[in-house]
Structure formats: C-alpha cells, structure tokens
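Examining the three-dimensional arrangement
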Amino acid sequence: MSRALELIRLQKIVSLFGLGCLVLIFAFSLVYRLEHPSLTLFVHNAPQQSQDPMGEIIALMQKLQKEPDNVEVLSELGNRFMFMRAWEKAMSFWTRLLKIEPENKMALNQLGVCYFELEEYSKARDTFLKLIKIDDKNYRAYYNLAMLYKYYLGDKDKARAYLQKIVNAHPDDEDVFKAAQKELAAHESN
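Residue indices follow the written sequence of each chain, beginning from 1 at its first position. The predicted nature of this model means local features are confined to residues of pLDDT at least 70 and side-chain atom pairs, given and counted, to a pLDDT of 80 or more, with totals for whole chains, interfaces and linings taken over all residues. Note: side-chain values were computed over all heavy atoms of the structure, leaving out hydrogens and water.

Any pair of Phe, Tyr and Trp rings, taking the six-membered ring for Trp, is counted once the centres come within 6.5 Å. Such a pair is stacked with planes under 30 degrees apart, edge-to-face with planes over 60 apart, and tilted for the rest. Taken as a whole and assessed by the stated rule, the structure comprises seven aromatic pairs. Between tyrosine 149 and tyrosine 162 the ring centres are 5.9 Å apart and the planes differ by 15°, which places this aromatic pair in the stacked class. Placement of the pair is tyrosine 149 in helix α7 (residues 139-151) and tyrosine 162 in helix α8 (residues 156-169), with a sequence separation of 13 residues. Of the aromatic side chains, those joined through ring pairs into one cluster are Tyr139, Tyr142, Tyr149 and Tyr162. The helix and strand labels rest on DSSP assignments: H or I over at least four residues marks a helix, E over at least two residues marks a strand, and numbering proceeds from the N terminus.

This is how it looks when you write it as structure tokens:
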C-alpha cells in the first residue's frame, strides 16, 4: 500500500512541476511581449493566395529560365518565397534582381527583411541604410532601421532618431506613422 501512495505522491510532484513550468513559460512570454510590443518589419506586396501555389511557382521558374533578367518574375518569386518563409531562397531572387536593378527600392526592402528574419541584423541594417540613401523618404526603411537599432543592435538613441524623423515627416503611410508614434511613446516612457 505504501508503494501506491508513493507513486501517487510522485505523480502529484511531477504534475505540479509541469504546471509550474507552463506558468513560467507563459509569464516570460507575457513579459517579453510587454517589453517588445511591436516587433514588426514592414514588407511590400504579399502575394495573393491561390489554389495551386506550387504550380504557379513552377510556371514562374520556367518563365525565368526563358527570361533570366525578367525583373517582374524575379520580384514575384522573391515575394512568393518570402510568403512561404523560405528566406534564403527569397534572398536569391532579390539578389539577382538587384544585380539587374541595383537601386530597386522594393528589392532592397525585401532583402533587408530577409536578412532580419535570418537574424543577420547588421546586413539588414546595411541594406536599409542603402535604401534610404537611394530614397530618403522611404519611411518603412526608417522604421525597420529603428526596430533593428532598438531591439537587436542596442542603440536606442539611433532608434529614437529614426522614429522621430518619421513622426516629424508625417508620411502618407498611416501604418508606419502610427507604429512610429507608438514606438516613440514607448521609448519616451522608458
């Protein structure tokens, strides 16, 4: 009988330990979300959902074989692979596109997002910096830089400067403007 009681006691201990671990995971997740409320990078043109996405990718790849410098096809493939979260594959198309059009703003932004997703933060930063040299009114790039500096590169002053630049300019892109305002307010309260 004491063996059965010992097993029940052990089961209770293991159950309480498991429950405690779940509570800790939830608590740490909640704290992280509160400290990092909007870790979002802005991406251009997500592809439309279709009935046969792989068939469409195959068709695009075949078209690309016939027209290797087709910027539209390279862009579509880059976006499709980003949508599938196949970051390295997407990067290969954005890189090819940039060899053809080195100042293609969308390709630079998407390449920067790919680097970010692959946790290559300094390469993402360099890509977004290149983008704002080409287009100093690309507020999505400024926002993406602010998020990199604030959360990944440890330079909150640079993050604040980029966010302030967006808020001061009040761009037509309301999503970026509101996100920058929110981040700047959070920055000021810390």
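From this point, things continue past the structure.
What follows concerns the pattern of salt bridges. For this document, the term salt bridge refers to a Lys or Arg side-chain nitrogen within 4 Å of an Asp or Glu carboxyl oxygen. Within the structure shown, the criterion is met by nine salt bridges. Among the salt bridges present, the one from lysine 105 reaches aspartate 135, with a minimum N-O distance of 3.7 Å. Of this pair, lysine 105 sits in helix α5 (residues 105-117) while aspartate 135 sits in the loop between α6 (121-134) and α7, placing them 30 residues apart in sequence. Relative accessible area decides the class of each residue, using a 1.4 Å probe on protein chains only: under 20% of the type maximum gives buried, over 50% gives exposed, and in between gives partly exposed. Residue classification places lysine 105 among the partly exposed positions, given a relative accessible area of 39%. For aspartate 126, the salt bridge goes to arginine 125, with nearest N and O atoms at 3.1 Å. Note on aspartate 126: relative accessible area 41%, which makes it partly exposed. Linked through salt bridges whose partners overlap, the residues forming this network are Glu56, Glu76 and Arg80.

Structural measurements only, silent on function.
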